[in-house]
Amino acid sequence: MSLYQKYRPKTLSEVVGQEFIRHTLRAALRKEQISHAYLFFGSRGTGKTSIARILAKALNCKNPKEDGDPCNACEHCEAANAGNFVDLIEIDGASNRKIEHARALIEKIHFSPTLGKRKVYIIDEVHMLTKEAFNALLKTIEEPPQHAYFLLATTELHKVPETIRSRCQVFSFQRFTTEEIVKRLKEIAEKEGIIAEEEALFLIAKRAEGGLRDAIGLFEQVSADETLTAKFLQEELGMTGEEDVAHFFDCLEEKNTEEALNTLGHISSSGIPFENFLEQLLDFLRKKMIAHALSIPPKQEELRTILFFIDAFDTARRELRDAIIPGFPLEIATVKCTQFCEEIFRTESPHFIKENKTLPETQNLPEKLTPPSSTQSPAPSSKPAPEEEKNISEPIFPSHGENTAESFSKKWSEVLRNLDDAVLGMLLKKATATPSSDTEILITFSSHSFEEQAKNQDRFARLLDAVRKICGEGVSVKTKTKPVSLEPVEPLSTEKATPEAMREIFCISHP
């Protein structure tokens, strides 16, 4: 007998996790208020069928315990544990999915139980039934005979018709935590006399992804010699050690391209699949990201780098399957992270995360901003401004020394990096910015639609705020749309005036 069958829970007390479901079913058994139809759903290996069998035993147990659990000692419980209790009918929905199977069930359900007090039907993978079979069962599930109970189990709730769900009590089975799986594996290892390192049990629990049955099956597979070490398990499952992942991460942080690529070569020569290594690396980066994000104060610079690493290697994971050269996407991501991390981050997403810099304090900001227009300029004041207020900002261009075009380009790049509006950043990247005077910037958009989006009052206010933080408080911004130039088209001769050519002329003349 396999370990997962040998250690399948026989009472609700033995079930790992699923506290809410156990509490609810126990209360219903004690009060004898059992529903005639239950629907259990959740991922594989979370205890749906096990709890259904326990509930079926409890419904027919001759000497149930005070907490509602079956005694597992009477003849009914022993027959149910052995799998030959006639009033417990288990049906595989995948192989009994047609309407004739449903009709056969309906015909037999009206017969009284043979040995027990109740007749219980467990239908596993119930979502596999056809639409016609569901329709045939609908009335029976809603109003079954007094002695009949339905326990339905599925991994795909969305495939079960709403009409069926509404007639059942629905319970959601959650995945088991890593700690719950490790605790159960320790119990099994102790009973089986297996010496297992705790790190090895954690590796099994992570690989099982919340499924206890999968974890017990894998544990049985790798513990045949009654000794289980983390190193053996890593070799068996094609996994690398935590120290290798940490060393690779250190190479990324230190921009050591050569050592990082050498580490990948060592992993490949060890026979470890790149998919497994990427899974471990992304889990390692995830923990780093959470640690930096929750630190007080948050480590923004480190967090930005970690996010770039995650994006690069998650892209490599998606592209790895279709790569012509094995591991090529992983090598590309490694070179990106060690050679071009900062440059790519700034050019690809200048508005995604602000740089952690101390900005100069703003002074004399206007209280309100009037909606901008493509031709509007700051209204002249009726009173002459005091001498010290006439030049509240430095000129955008220096008067001498530094190249003027280069100076403005640097300041404009700084403005784009300080924007916190993704849409505005995209619009400005498609526009052209030039200084029309020492204290005015002209932004030329390629279309009127783009200009109107940028002139949204809130969005323009954010733009003006970013410009004044970098270029000075007195700087104003104007917008305009680039005019469409129409070049004259030479008339075509009659023999060349094909329908395609006429359509081309029409499109050029009427944009």
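Residues numbered from 1 in each chain as written. Predicted model: local features only at pLDDT ≥ 70, side-chain atom pairs only at ≥ 80, totals over all residues. Heavy atoms only, no water.

**Concerning the overall build of the protein**
For the record, the criterion: For helices the rule is a DSSP run of H or I covering at least 4 residues; for strands it is a run of E covering at least 2, with both sets numbered from the N terminus onward. Remark: exposure states derive from per-residue accessible area (1.4 Å probe, protein chains only) relative to the maximum for the residue type, with buried under 20%, exposed over 50%, and partly exposed in between. Any pair of residues with heavy atoms lying within 4.5 Å of one another is described as a contacting pair. Where accessible areas are quoted, they stem from the Shrake-Rupley method and a 1.4 Å probe; at the residue level, only the protein chains shown are allowed to cover.
Along the backbone of the protein there are 23 helices and ten strands. Relative to its full complement of 511 residues, the protein shows a buried share of 41%. The long-range share in the protein, meaning contacts at least 24 apart out of those at least 6 apart in sequence, stands at 73%. Just so you have it, the protein exposes about 29500 Å², and 51% of that area is on carbon and sulfur atoms.

**Here we look at helix H11 (residues 230-237)**
Filter applied, for reference: As used here, the arc is the angular range of directions from the helix axis to the C-beta atoms.
Of the positions making up H11, those classed as buried are Ala-230, Leu-233, Gln-234 and Leu-237. End-on view of H11: buried residues confined to an arc of 100 degrees, all on one side of the axis. Every exposed residue of H11 that faces more than 90 degrees away from the buried side is listed here: Lys-231 and Glu-235. Taken together, the buried residues of H11 touch helix H9 (198-208), helix H10 (212-222), strand S7 (227-228) and helix H14 (274-294). Positioned one or two residues after H11, Gly-238 has a phi angle of 70 degrees, which is positive.

**Describing unusual backbone geometry**
Positive phi, close to 60 degrees, is recorded for Asn-72, a residue that is not glycine. You can see Asn-72 is positioned in the loop between helix H3 (48-60) and helix H4 (75-82). Of note, Glu-125 is a non-glycine position whose phi angle comes to about 50 degrees, a positive value. Examined against the element boundaries, Glu-125 turns out to sit in the loop between strand S3 (119-124) and helix H6 (131-142).

**Focus on H10**
When H10 is considered as a whole, its buried residues turn out to be Leu-212, Ala-215, Ile-216, Leu-218, Phe-219 and Val-222. The arc that holds every buried residue of H10, seen down its axis, measures 165 degrees, which confines them to one face. In this fold, the buried residues of H10 make contact with helix H1 (3-6), helix H8 (178-192), strand S6 (195-196), H9, S7 and H11.

**With respect to the packing of helix H12 (residues 242-253) against H14**
In plain terms, the rule: Fitting a line to C-alpha atoms yields each axis, with helices limited to the stretch in contact; the angle taken between N-to-C directions then spans 0 to 180 degrees. Any angle that falls under 35 degrees is termed roughly parallel, while one over 145 is termed roughly antiparallel, one within 65 to 115 roughly perpendicular, and all others oblique. Crossings are assigned a handedness: left-handed for a near helix turned anticlockwise from the far helix by less than a right angle, right-handed for a clockwise turn. Side-chain classes are defined by residue name, with Ala, Val, Leu, Ile, Met, Phe, Trp, Tyr, Cys and Pro counting as nonpolar, Asp, Glu, Lys and Arg as charged, and the others, Gly among them, as polar.
Remark: H12 packs on H14, axes separated minimally by 10 Å, with the N-to-C direction vectors making an angle of 65 degrees. Classified by the angle their axes make, H12 and H14 are roughly perpendicular. Crossing geometry of H12 relative to H14 is assigned as right-handed. Contacts between H12 and H14 involve Glu-242, Val-245, Ala-246, Phe-248 and Phe-249 on the former and, on the latter, Phe-277, Gln-280, Leu-281, Phe-284, Leu-285 and Lys-288. Looking at side-chain class alone, the contact of H12 with H14 contains eight nonpolar, one polar and two charged residues.

**Description of the packing of H8 against H9**
Interaxial distance between H8 and H9 falls to 9 Å at its minimum, and their mutual angle equals 125 degrees. As far as their axial angle goes, H9 and H8 are oblique. The element H8 and its partner H9 pack so that their crossing is right-handed. The residues of H9 that touch H8, namely those facing Thr-178, Ile-181, Val-182, Leu-185 and Lys-186, are Glu-198, Leu-201, Phe-202, Ile-204 and Ala-205. The class makeup of the residues in the contact of H8 with H9 is seven nonpolar, one polar and two charged.

**Some points on the sheet that holds strand S4 (residues 148-154)**
Strands in a sheet are paired, the pairing made by backbone hydrogen bonds, and the direction either parallel or antiparallel. For the record, the criterion: The pairing criterion is simple: DSSP has to find at least two bridges between the two strands.
One open sheet accounts for five strands, arranged S2-S3-S4-S1-S5; its pairing is parallel. The open sheet is flanked by strand S2 (88-92) and strand S5 (169-173), the only strands paired with a single partner. For this sheet, the mean inter-axis angle between neighbouring strands, taken without regard to orientation, is 15 degrees. Each of strand S1 (37-42) and S5 is contacted by helix H2 (residues 19-30), which is oriented at about 150 degrees to S5, the strand it contacts most. Together, S2, S3 and S4 form the strand contacts of helix H5 (residues 99-109), whose direction differs from that of S3 by roughly 165 degrees.

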